[in-house]
Amino acid sequence: MNDMITKEDLRQFGLELLGNIGTLMTQTKEVRGEIVDQEWIKSKQVRTLMNMSPGSVQNLRVTQKIRFKKILGSYYYNKVDLLKLFTDERHK
């Protein structure tokens, strides 16, 4: 049971670890890209994308400033409406 760890073992472990971290970062970027590609997005995605509180998202829905759909208890919001609303607000 004389398992010695060599510098080469540590170097290979470091390279493998960096490779795994790179893969995870790529996967995270792909998930964020999915939000951009969707026409209808869930409340949590709206909060992440627009950096909003749940109450702010609800207020947009209640005041009918953006289109939404309720499917099986989850609200989905039209991404184009969200982007247009906040683009219009910046130009005022």
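Our subject is the structure that appears above.
Conventions used here
- Along each chain, the written sequence defines residue order, and numbers are assigned to residues from 1.
- In keeping with the predicted nature of the model, local features appear solely for residues at pLDDT of at least 70, side-chain atom pairs appear and are counted solely at 80 or more, and the whole-chain, interface and lining totals rest on all residues.
- As a rule here, side-chain values cover all heavy atoms of the structure and leave hydrogens and water aside.
- The rule for pairing is simple: two strands pair if DSSP sees at least two bridges between them.
- The way it works is that DSSP assigns letters per residue, a run of H or I at least four long becomes a helix, a run of E at least two long becomes a strand, and they are numbered from the N terminus.
- Fitted lines through C-alpha atoms serve as axes, helices being fitted only where they are in contact, and the angles separating the N-to-C directions of these axes extend from 0 to 180 degrees.
- Residues count as neighbours in contact if any of their non-hydrogen atoms are within 4.5 Å of one another.
- What is meant by a nonpolar core is a set of buried Ala, Val, Leu, Ile, Met, Phe, Trp, Tyr and Cys residues, joined one to another through side-chain atoms within 4.5 Å.
- Any residue under 20% of the maximum accessible area for its type is buried, any over 50% is exposed, and the rest in between are partly exposed; the area is computed with a 1.4 Å probe on protein chains only.
- When the centres of two rings from Phe, Tyr and Trp lie within 6.5 Å, Trp using its six-membered ring, the rings pair. Their planes under 30 degrees apart give stacked, over 60 give edge-to-face, and anything left gives tilted.
- When the NZ atom of lysine or the CZ atom of arginine is within 6 Å of a ring's centre and also within 35 degrees of its normal, the charge is said to sit over that ring.
- Patch construction takes residues with relative accessible area above 30% that form no salt bridge. Like charges are linked within 9 Å, and nonpolar side chains (Val, Leu, Ile, Met, Phe, Trp, Tyr) are linked within 5 Å.
- Accessibility throughout is a Shrake-Rupley quantity obtained with a 1.4 Å probe, and a residue counts as covered only by protein chains that appear here.
- A carboxyl oxygen of Asp or Glu within 4 Å of a side-chain nitrogen of Lys or Arg is what we treat as a salt bridge.

Peer 1: Give me the lowdown on the sheet that holds strand E2 (residues 68-71), citing residues and values where you can.
Peer 2: Strand order in the open sheet made by the three strands is E1-E3-E2, with antiparallel pairing throughout. Each end of this open sheet is capped by a strand with a single partner; those strands are strand E1 (40-42) and E2. Recorded for the sheet is a direction-independent mean angle of 35° between the axes of neighbouring strands. Summarising the sheet, E2 and strand E3 (residues 74-78) pair through four bridges and their orientation is antiparallel. Bridging across to E3, Ile71 finds its partner in Ser74. Running at roughly 95° to E1, helix H2 (residues 43-50) makes contact with E1 and E3 of the sheet.

Peer 1: Which residues make up the nonpolar core, and what are the values?
Peer 2: Counting residues in each nonpolar core, the largest one holds nine residues, listed as Ile41, Val46, Met52, Val57, Leu60, Ile66, Tyr77, Leu82 and Leu85. Contacts of Ile66, omitting those with residues within four sequence positions, involve Leu60, Tyr77, Asp81, Leu82 and Leu85.

Peer 1: Describe the pairing of E3, and please don't skip the residues or the numbers.
Peer 2: Working note: regular strand, side chains alternate between the two faces of the sheet. Pairing analysis gives three bridges linking E1 to E3, with the strands arranged antiparallel. In the strand pairing of E3, Ile41 is matched with Tyr77.

Peer 1: A description of the packing of aromatic side chains should follow, citing residues and the corresponding values.
Peer 2: Following the criterion strictly, the structure yields one aromatic pair and no others. Over the ring of Trp40 we find Lys69; its NZ or CZ atom is 4.4 Å from the centre of that ring.

Peer 1: Mind laying out the side chain of Ser43, listing which residues take part and the relevant values?
Peer 2: Along the chain, Ser43 turns up in helix H2. On the basis of relative accessible area, Ser43 is assigned to the buried category, the value being 18%. Beyond its immediate sequence surroundings of up to four residues, Ser43 is in contact with Tyr75 and Tyr77.

Peer 1: Lay out a nonpolar patch on the surface with the relevant residues and their values.
Peer 2: Together, Phe13, Leu17, Leu18 and Ile21 make up a nonpolar patch on the protein surface, roughly 410 Å² of accessible area in all. In this fold, Leu17 is placed in helix H1 (residues 7-37).

Peer 1: Explain the environment of Tyr77 residue by residue, including any values.
Peer 2: Within the secondary structure layout, Tyr77 lies in strand E3. With a relative accessible area of 0%, Tyr77 lands in the buried category. Here the alpha-carbon distance between Tyr77 and Leu60, two residues 17 residues apart in the chain, equals 9.8 Å. For Tyr77, the contacting residues outside a window of four places in its chain are Glu39, Trp40, Ile41, Lys42, Ser43, Val46, Val57, Arg61, Ile66, Arg67, Phe68 and Leu82.

All quantities given are derived from atomic positions and should not be read as evidence of function.
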